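Chain by chain, the residues run as shown.
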Amino acid sequence: MEFSLLGPIAVTTGSGELSLGPAKRRSVLALLLLQPNTTVPLEQLIDSLWEDEPPEHARTVVQGHVSRLRATLAEGGAQTFGIELTTHGSAYLLRLPEELIDAHRFGELVTLARPEAAPADAVPLLREALGLWRGPALTGTVTSPPFAAAAHALEERRLTAVEALGRAHGTLGEHEQAAAILYSAAVNHPLREGLIAELMRALFRTGRQSDALEWFHRTRRLLNEELGVDPGERLRGAYEEILRAEAAGGGRTAARPAAGAHRTGDDAKDAPAFHVKHGPGGPLPAQSTGTAGGSDTKGTSAGSAGGAGDGSRSGPGTGSGRAGAAPRLLPRAPARFLGREAQLSALTEVLTDRTTGESPLAVVAGPAGVGKTACAVQWAHLYASAFPDGQLFADLRGFGEGDEAPPAEILRDFLLALGTPAERVPGSAQAASALFRSLVSERRLLVVLDNARSSAQVRPLLPGGPHCATVVTSRSRLDGLVATDWARPVGLQALGHEEGAALLGAMLGPERVAEDPAAARELVDLCDGLPLALRAAAAQLTARPRWRLARLAAALRDEQRRLALLSAEDTGMAAALRMSVARLSADDARLLRALATSADGHLNASVAAALAGYDQERTQDGLDRLAEMHLVDEEATDVYTISTLTQLFARDERGEGGKGGAEGRGVAGDEGEGRR
């Protein structure tokens, strides 16, 4: 749950924005959010809501608005987030973690930024802070003096951050960017002298002396006409500075990076370059030789928290010059990994693309048990040398036992792995995210985010530099990441007969599979071609060396026992499917159970509506959500299929798969062994 003051007053949850009602109710919430965890007297609320004399029933009106707000927050799951709106005599208290308020996060990010001392780190922090603004502060509140004053104070803080961002770009020698940022703010605030002074300097340093001087004269006229005053010290100082520089033959100044800036251009030519060479097995990553980083990536180490492999830079905000090895957090490579050449090639194409100037992002998506983690980790190991500054890995627990991993927890692990001292790790996810992006902005780093539940869970964990690459795995398509972050989807489907039999051969030995190829093909069918199910079947046969494949196939034909047999200790298809179904709403779970009664697993929206007893629109929406979660597959327009194993699981509401089921067994991801 997030609260917005920096724009329209809003409360947003994972399922959307809550309805807050009329302006006075929004205003009550805004006043409580402006003073979080502090009792706000009823009289203060009344004075703020009515500009003129309040009506006699003002107390009753405010009490009604508070009551409705309390109910709205409760419906949105406030208790889950530690949010409580309580009454204390004739006052009210909104108790909540302050990092849920965008204005608080904005202040934290601005405080972390040091535009002069560490400009390269300040730029992403300030951009993150300003990105929280969605319009004029406190939009939607009543037009009374207290709210006007509060909105003005917030706007002053925003303008101060804009000026700081301009100074940070200027310190880095990025005067064009500084001028562009300051210009739009100056147009909207033509009497703000400090802002105009910063813009004049930026314009002058880009060679636009006449524009810089014109801004001074225009502002001087406005000050005289509207306020009857002359320019203040800051504006006069900038004007005189430009005149002196012109008299001395100055003009456009060279863009000289500050001490806190990362190397670019010629300064970075000694950094190791990334190349892709092609060998017999396809494209392979290689480091160019003769560089400062060396060609042996095993010896590459990160410096401090801000280093990018040269061991010479201190991390921003850490105050530490400590050097350490680049983090290598990948799990071990998947055992007996076979096939998936097309998907590995697709990942290579997406994640090694350096033509866009953006940080590439791939989403490996597919149903439970299809091998998403295995594919992502296999690619990461193959191309680890292309990311000499480290490889980070995190299980986001989106489809696992218990709660999903909060971004703040993952970011803390990442920052510690990158060398940030524990006491310097920000407490809020937003500030930690900004610091993470700042630290890795110039690194060649691979980030693998496994088992994500939603796009919102992933976004704070994305690195910020164009040399970083990110792989996300999920049972959901994560359409939000595709829409907002240009993620490239890489879909995984079930294995065919040949690939499935090859996996069984790799697990059991080719001779055992060759004894009965027909039974091997049947096992692939009974396992729906899912690697997790096939590995569980192989585990059953490994434990019973005298069994022929046909005997296990015969046992699996019993639909009451199939899910139980496709389990191996702490992993199995029943447990994997249970994690997917547990994330469904009650309506969607009911729809899935209805679809499971289909005779052949093929149906359209009309048939699904009849089976579920829903109307057509409700059914179509549910089918879309199930398809997004890969619990059904839309083969063609209005043609849906549901796999046999999903049908078997959905028919049994407890997901036991028969008396011998896997009730109570859980997995951390969708394959348990961490090899999706």
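It should be emphasised that the depicted structure is a prediction, and the values quoted were computed from it without experimental measurement.

Calculation criteria
Residues numbered from 1 in each chain as written. Predicted model: local features only at pLDDT ≥ 70, side-chain atom pairs only at ≥ 80, totals over all residues. Heavy atoms only, no water. Helix = DSSP H or I, 4+ residues; strand = E, 2+ residues; numbered from the N terminus. Buried < 20%, exposed > 50% of the residue type's maximum accessible area, 1.4 Å probe, protein only. Contact = heavy atoms within 4.5 Å. Areas by Shrake-Rupley, 256 points an atom, 1.4 Å probe, with all protein chains shown as cover. Pairing = 2+ DSSP bridges. Patch = residues over 30% accessible without salt bridge, like charges linked within 9 Å, V, L, I, M, F, W, Y side chains within 5 Å. Salt bridge = Lys/Arg side-chain N within 4 Å of Asp/Glu carboxyl O. Lys, Arg positive; Asp, Glu negative; His and termini not counted. Charge placed at Lys NZ, Arg CZ, Asp CG, Glu CD. Core = buried A, V, L, I, M, F, W, Y, C linked by side-chain atoms within 4.5 Å. Axes fitted to C-alpha atoms, helices over the stretch in contact; angles between N-to-C directions. Parallel < 35°, antiparallel > 145°, perpendicular 65-115°, else oblique. Left-handed = near helix turned anticlockwise from the far one by under 90°. Nonpolar A, V, L, I, M, F, W, Y, C, P; charged D, E, K, R; others polar. Phe/Tyr/Trp six-rings, centres within 6.5 Å; stacked < 30°, edge-to-face > 60°. Polar contact = N/O pair within 3.5 Å; in protein donor to acceptor, adjacent residues only side chain to side chain. pLDDT = per-residue confidence, 0-100.

Trainee: Just checking my understanding: could you explain the overall build of the chain for this structure?
Mentor: Helices and strands together make up the secondary structure of the chain, namely 27 helices and 18 strands. In the chain, which comprises 676 residues, the share counted as buried stands at 51%. If you take every contact in the chain between residues at least 6 apart in sequence, the share linking residues at least 24 apart comes to 69%. Accessible surface for the chain amounts to roughly 29,600 Å². Of this, 50% is attributable to carbon and sulfur atoms.

Trainee: I tried to follow the pairing of strand 10 (residues 391-395) on my own but got confused; where do I start?
Mentor: Moving residue by residue along a regular strand, the side chains alternate between the two faces of the sheet. The buried count for strand 10 comes to 4 of 5 residues, which makes it a mostly enclosed element. Direction of pairing for strand 10 relative to strand 11 (residues 446-452): parallel, over a ladder of 5 bridges. The partner of Leu 392 across the bridge, within strand 11, is Val 447.

Trainee: What exactly am I supposed to notice about a negative patch on the surface here?
Mentor: Negative charge collects at one region of the surface, where Asp 615, Glu 617, Asp 621, Asp 624, Asp 633, Glu 634 and Glu 635 lie side by side. Of all the elements in the fold, those that place two or more residues in the negative patch are helix 26 (616-628) and strand 17 (633-636).

Trainee: Got a minute to help me understand the nonpolar core in this structure?
Mentor: One recurring pattern in soluble globular proteins: nonpolar side chains tend to sit buried together. With 85 residues, the main nonpolar core has Phe 3, Val 62, Leu 94, Leu 138 and Met 200 as its most contacted residues. Setting aside its immediate chain neighbours within four residues, Met 200 contacts Ala 212, Trp 215, Phe 216, Leu 235, Ala 238, Tyr 239 and Ile 242. Counting 84 residues, the second largest nonpolar core, distinct from the first, contains Ala 469, Leu 584, Tyr 614 and Leu 645.

Trainee: Can you help me understand the packing of helix 4 (residues 102-112) against helix 6 (residues 145-171) in this one?
Mentor: For any two helices packed against each other, the geometry is given by the interaxial angle and the distance between the axes. Helix 6 packs onto helix 4 with a crossing angle of 30° between their chain directions and a minimal axis gap of 11 Å. With respect to helix 6, the axis of helix 4 lies roughly parallel. Classified by chirality, the crossing of helix 6 by helix 4 is left-handed. Along its contact with helix 4, which presents Ala 103, Phe 106, Gly 107 and Val 110, the element helix 6 presents Leu 154, Arg 157, Arg 158 and Ala 161. Considered class by class, the residues forming the contact of helix 4 with helix 6 number 5 nonpolar, 1 polar and 2 charged.

Trainee: Sorry if this is basic, but what is going on with the sheet that holds strand 4 (residues 40-41) here?
Mentor: Each strand in a sheet pairs with another by means of backbone hydrogen bonds, the pair being arranged parallel or else antiparallel. With antiparallel pairing, the 3 strands of this open sheet are ordered in space as 4-6-5. For this open sheet the edge positions go to strand 4 and strand 5 (84-88), each flanked by a neighbour on one side alone. Where strand 4 meets strand 6 (residues 91-95), 2 bridges bridge the pair, whose relative direction is antiparallel. Across the sheet, the residue bridging to Val 40 is Tyr 92, located in strand 6. The strands touched by helix 1 (residues 23-34) within the sheet are strand 4, strand 5 and strand 6, with strand 6 carrying the most contacts at an inclination of about 70°.

Trainee: When you look at helix 12 (residues 372-382) in this model, what are you seeing that I'm missing?
Mentor: Note that an α-helix has 3.6 residues per turn; residues three or four places apart therefore point the same way. Most of helix 12 sits inside the fold, with 9 of its 11 residues counted as buried. All buried positions along helix 12 are accounted for by Lys 372, Thr 373, Ala 374, Cys 375, Ala 376, Val 377, Gln 378, Trp 379 and Ala 380. Its buried side turned inward, helix 12 meets helix 11 (341-351), strand 9 (361-365), strand 10, strand 11 and strand 12 (469-474).

Trainee: Looking at this structure, how should I read the pattern of salt bridges?
Mentor: Any two side chains of opposite charge can pair, given that their charged atoms come close. All told, the structure shown has 21 salt bridges when counted by the stated rule. Taking the shortest distance from any N to any O, the salt bridge between Arg 618 and Asp 587 comes out at 3.1 Å. On the criterion of sequence distance, the pair formed by Arg 618 in helix 26 and Asp 587 in helix 24 (residues 586-595) is long-range, its members being 31 residues apart. Take Arg 618: its relative accessible area is 34%, and that puts it in the partly exposed class. Relative accessible area serves as the criterion here: at 35%, Asp 587 is assigned to the partly exposed category.

Trainee: Is there a simple way to think about the packing of aromatic side chains in this case?
Mentor: Where two aromatic rings form a pair, the distance of their centres and the angle of their planes describe that pair. Under the defined criterion, the tally for this structure stands at 6 aromatic pairs. Judged by centre distance (5.8 Å) and plane angle (80°), the rings of Phe 106 and Trp 133 are edge-to-face. Of this pair, Phe 106 sits in helix 4 while Trp 133 is found in the loop between helix 5 (119-130) and helix 6, placing the two residues 27 residues apart along the sequence. A single burial state applies to Phe 106 and to Trp 133, both of which are buried. Between Phe 414 and Phe 436, the aromatic rings sit 5.6 Å apart at their centres with planes inclined by 40°, giving tilted as the arrangement. Here Phe 414, found in helix 13 (residues 407-417), pairs with Phe 436, found in helix 14 (residues 429-440); they are 22 residues apart in sequence, far enough to count as distant. Comparing Phe 414 with Phe 436 shows no difference in burial state: the two are buried. Through pairs of rings, three or more aromatic residues link up here, namely Trp 379, Tyr 383 and Phe 387.

Trainee: Quick question: what am I supposed to make of the packing of helix 6 against helix 7 (residues 175-188) here?
Mentor: Relative orientation of the contacting elements helix 6 and helix 7 amounts to 165°, with a least axis distance of 7 Å. In terms of orientation, helix 6 lies roughly antiparallel with respect to helix 7. Every pair of crossing elements has a handedness; the one defined by helix 6 and helix 7 is left-handed. Taking contact as the criterion, the partners of Leu 159, Val 162, Glu 163, Leu 165, Gly 166, His 169 and Gly 170 in helix 6 are, on helix 7, His 175, Gln 177, Ala 178, Ile 181, Leu 182 and Ala 185.

Trainee: Explain the environment of Arg 590 here, please?
Mentor: Note on placement: Arg 590 falls in helix 24. By relative accessible area, Arg 590 is classed as partly exposed at 41%. Expressed as a C-alpha distance, the spacing of Arg 590 and Ala 650, which sit 60 residues apart in the sequence, is 9.0 Å. Excluding residues that lie within four positions of it along the chain, Arg 590 makes contacts with Ala 612 and Tyr 614.

Trainee: Could you clarify how one ought to interpret the sheet that holds strand 16 (residues 602-603) in this entry?
Mentor: Strand order in the open sheet made by the 3 strands is 16-18-17, with antiparallel pairing throughout. At either end of the open sheet lies a strand with only one pairing partner, and these are strand 16 and strand 17. Bridge analysis of strand 17 against strand 18 (residues 639-641) gives 3 bridges, and the strand direction is antiparallel. Counted as the bridge partner of Glu 634 is Tyr 640 from strand 18.

Trainee: What should I look at first to understand the side chain of Thr 646 in this one?
Mentor: By secondary structure assignment, the location of Thr 646 is in helix 27 (residues 644-651). A polar atom in the side chain of Thr 646 sits 2.7 Å from the side chain of Ser 643.

Trainee: I'm lost on the confidence of the model for the chain in this one. Help?
Mentor: Do not read the fine detail of predicted coordinates wherever pLDDT is low. Predicted confidence across the chain gives a mean pLDDT of 82, with 85% of residues reaching 70 or more. Mean pLDDT values over the elements of the chain span from 32, in strand 7 (residues 274-279), up to 96, in strand 12. Residue range residues 250-324 is modelled with pLDDT below 50. Its contacts to residues more than four positions away, or to other chains, number 155 contacts. Confidence drops under a pLDDT of 50 for residues 654-676, and excluding neighbours within four residues, the segment shows 87 contacts in the predicted structure.

Trainee: What is the right way to read the environment of His 169 from this model?
Mentor: Inspection of the secondary structure assignment puts His 169 in helix 6. His 169 gets classed as buried once you look at its relative accessible area, which sits at 4%. As for His 169 and Val 123, which are separated by 46 residues in sequence, their C-alpha atoms are 7.0 Å apart. The residues touching His 169, leaving out its near neighbours within four places in the chain, are Val 123, Arg 127, Glu 174, His 175, Gln 177, Ala 178 and Ile 181.

Trainee: Before we go on, may I ask you to explain the pairing of strand 5 in this structure?
Mentor: As paired elements, strand 5 and strand 6 share 5 bridges and run antiparallel to each other. Residue pairing across strands places Glu 84 opposite Arg 95, the latter belonging to strand 6. Between the antiparallel neighbours strand 5 and strand 6 lie 2 residues, among them Gly 89 with a positive phi of about 65°.

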